[in-house]
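# Coordinates in review
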Amino acid sequence: MQTLLREIRNTPLLWMLAFVPIVLVAEAVAPHSHTLLFVLSVLAIVPLAALLSHATEAVAAKTGDAVGGLLNATLGNLTELIIAIAALRAGQYMLVKASIAGAIVTNAVFMLGACLLLGGLRYHVQEYNRAGARLSSGLLLMATVALLAPSAVAELDHLPQGGGILNKLSLGISILLILAYGLGLLFSLRTHKELFASADHGEDDKEAHWPMGTAVGTLLVVTVLVALVSEIFVESVQKAAETFGMSPAFVGFIVVSLVGAAAEFAVAFAAARKNRLDMAVSIALGSASQIALFVAPALVLLSYVVGPKPMDLQFWPGAVTMVMIATVTSAFITASGRSAWFVGALMIFIYAVFALTLYVVPPAGQG
């Protein structure tokens, strides 16, 4: 506990943890002040993400970058999963689907590009393990093809009306994706784990880290707090978005994805700046593939329990295009195992084009 308090006292960013009780109290006192709650929830998630960054780095120092990246991606995606479940209960399926597609694109393009840019500004050329990048990009490509299948057949003339066929197809694909995700973990963490060993990072590995007990305890507590704040965020984001003239598709694709991945951003960016690009790439691509292989199918299964009706995996055409472009781009960029800052800048520009297009030209019915 003393270690944690000392870290908070010495890190000005963590002083923003005061917004966590503030947003919880504000939600109880003024639940209809949606714009205020939206701003406070964002301010509360930022320091929680930073605290999660320190704890995850401590765990990764003991477990290795591959497991550390997996752990961080899992905890970060837990936030997005909770946000999506809240939207499922409210029947906001456009927001759920937009957050799924947006999370894949945000992690595979924006997060990866920002890591390559931040690391490249400090180091002339960075190298990383291509095996880990190939595994994550391969899983992501397979998952993307599976997720796009319902959208590809949705407009066929001979399909019966009512969506029953798409629901059956989405349910079957969800089960296959979860199975593929489990096999990917078995491959990378047990049968072929030697292929994913991280390079020696010299002085960075000699840094003092928190004790394992403190790190794990912090991870658990912060994850719960992020979940609580995320509930407030998803309840307020729609009304706040109307104030700023944003469509539900833009909110899910851009806003929810960026805020939901704040914890992963903090860890991945810090790793890239320390030349630990193995961990940064593992978080970015691992998180994107986890969204496609686990979060999306889990939401389909959960919709049968918590949603007003079953959810399918049919996305609007623009989302289909952007997800496929993001997947192919990330696979192409990471194939070499080397990077410089300009590569990251180009990926951020691609993400900016997606965001601008979705803001100016929302999907049909979302204007």
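Residues numbered from 1 in each chain as written. Predicted model: local features only at pLDDT ≥ 70, side-chain atom pairs only at ≥ 80, totals over all residues. Heavy atoms only, no water.

## Re the overall build of the chain
Operational definition: Helix and strand assignments come from DSSP, with helices taken as H or I runs of at least 4 residues and strands as E runs of at least 2, each series counted from the N terminus. For the exposure calls, accessible area comes from a 1.4 Å probe over protein chains only, and a residue counts as buried if that area is under 20% of its type's maximum, exposed if over 50%, partly exposed in between. Contacts are assigned to residue pairs that have any heavy atoms within 4.5 Å of one another. Only the protein chains shown count as covering a residue, and every accessible area follows the Shrake-Rupley method with a 1.4 Å probe.
Counting its secondary structure elements, the chain contains 13 helices and two strands. Sorting the 367 residues of the chain into buried and exposed places 52% on the buried side. When contacts within the chain are restricted to residue pairs at least 6 apart in sequence, long-range pairs at least 24 apart make up 85% of them. Surface accessibility of the chain: about 15900 Å² in total, with carbon and sulfur atoms responsible for 69%.

## A closer look at the side chain of Ser136
For Ser136, the position within the fold is in helix H6 (residues 130–153). Once residues within four sequence positions are removed from consideration, Ser136 is found in contact with Leu285, Gly286 and Ser289.

## Section: helix H9 (residues 248–260)
Condition: Expected helix span is computed as 1.5 Å times (number of residues minus one).
The end-to-end C-alpha separation of H9 is 16 Å, well short of the 18 Å expected for 13 residues at 1.5 Å each. Judged by how many residues are buried, H9 sits mostly within the fold: eleven of 13 residues are covered. For H9, the set of buried residues is Ala249, Phe250, Val251, Gly252, Phe253, Ile254, Val255, Val256, Ser257, Val259 and Gly260.

## Quick look at the environment of Pro297
Along the polypeptide, Pro297 turns up in helix H11 (residues 277–306). You can call Pro297 buried: its relative accessible area is 0%. Separated by 121 residues in the primary sequence, Pro297 and Leu176 place their C-alpha atoms 8.9 Å from one another. Sequence-distant contacts of Pro297, defined by excluding residues within four places in its chain, comprise Ser174, Leu177, Ile178, Ile291 and Ala292.

## Quick look at unusual backbone geometry
Despite not being glycine, Asn275 has its phi angle at roughly 65 degrees, a positive value. Following the sequence through the fold, Asn275 ends up in the loop between helix H10 (262–273) and H11.

## So, the pattern of salt bridges
What counts, and what does not: We define a salt bridge as a side-chain nitrogen of Lys or Arg found within 4 Å of a carboxyl oxygen belonging to Asp or Glu.
Under the defined criterion, the tally for this structure stands at two salt bridges. For Lys97, the salt bridge identified is with Asp312, shortest N-O distance 2.7 Å. Remark: Asp312 occurs in the loop between H11 and helix H12 (317–333) and Lys97 occurs in helix H5 (residues 93–122); sequence separation between them is 215 residues. As far as the burial class goes, Lys97 and Asp312 line up, both buried. Between Arg338 and Glu127 there is a salt bridge, with the nearest N and O atoms lying 2.6 Å from each other. Remark: Glu127 occurs in strand E1 (residues 126–127) and Arg338 occurs in strand E2 (residues 338–339); sequence separation between them is 211 residues.

## Topic: the packing of aromatic side chains
Stated formally: To pair, rings of Phe, Tyr and Trp, with the six-membered ring standing in for Trp, must have centres within 6.5 Å; the planes then decide the type, stacked if under 30 degrees apart, edge-to-face if over 60, and tilted in the middle.
By the definition in use, this model includes seven aromatic pairs. Ring geometry for Phe110 and Tyr351: centres 5.1 Å apart, planes at 40 degrees, overall tilted. Here Tyr351 lies in helix H13 (residues 341–360) and Phe110 lies in helix H5, a separation of 241 residues in the sequence. Pairing Trp341 with Phe342 gives two aromatic rings, centres 5.7 Å apart and planes at 80 degrees, and the pair type is edge-to-face. Note on Phe342: relative accessible area 48%, which makes it partly exposed. Among the aromatic residues, those joined into a ring-pair cluster are Phe110, Phe265, Phe269 and Tyr351.

## Things to note about the confidence of the model for the chain
Put simply, the rule is: Values of pLDDT, which run from 0 to 100, indicate the predictor's confidence residue by residue.
On average, the chain scores 83 in pLDDT, and the residues at 70 or more come to 88%. Within the chain, the lowest mean pLDDT, 71, falls on helix H4 (residues 65–89), and the highest, 94, falls on H13. pLDDT under 50 marks residues 200–206. Its contacts with residues more than four places away, or in other chains, come to nine contacts.

## Some words on the packing of helix H7 (residues 164–191) against H11
Which entries qualify depends on this criterion: Geometry is summarised by axes, namely lines fitted to C-alpha atoms with helices restricted to the contacting stretch, and by angles between N-to-C directions that run from 0 to 180 degrees. Orientation is classified from the angle alone, with under 35 degrees giving roughly parallel, over 145 giving roughly antiparallel, 65 to 115 giving roughly perpendicular, and any other angle giving oblique. The crossing is said to be left-handed when, going from far helix to near helix, the turn is anticlockwise and less than a right angle, and right-handed when the turn is clockwise. As a working rule, the residues Ala, Val, Leu, Ile, Met, Phe, Trp, Tyr, Cys and Pro are called nonpolar, Asp, Glu, Lys and Arg charged, and the rest polar, with Gly in that last group.
Contact geometry of H7 with H11 gives a least axis separation of 8 Å together with a crossing angle of 135 degrees. Relative to H11, the element H7 is oriented oblique. Crossing hand, H7 versus H11: left-handed. Of H11, the residues touching H7 (which contributes Asn167, Ser170, Leu171, Ser174, Leu177, Ile178, Ala180 and Tyr181) are Gln290, Ala292, Leu293, Phe294, Pro297, Val300, Leu301 and Tyr304. For the contact of H7 with H11, the per-class residue count stands at twelve nonpolar, four polar and no charged.

## A closer look at a nonpolar patch on the surface
To keep it simple, the criterion reads: Put simply, a patch holds well-exposed residues, over 30% relative accessible area, that have no salt bridge, with like charges counted together within 9 Å and Val, Leu, Ile, Met, Phe, Trp or Tyr side chains within 5 Å.
A grouping of Leu121, Trp341, Phe342, Leu346 and Phe349 is seen on the molecular surface, where their side chains present a nonpolar patch of about 570 Å² in accessible area. The biggest single contributor to the nonpolar patch is H13, with four residues. Looking at the element boundaries, Phe342 is found in helix H13.

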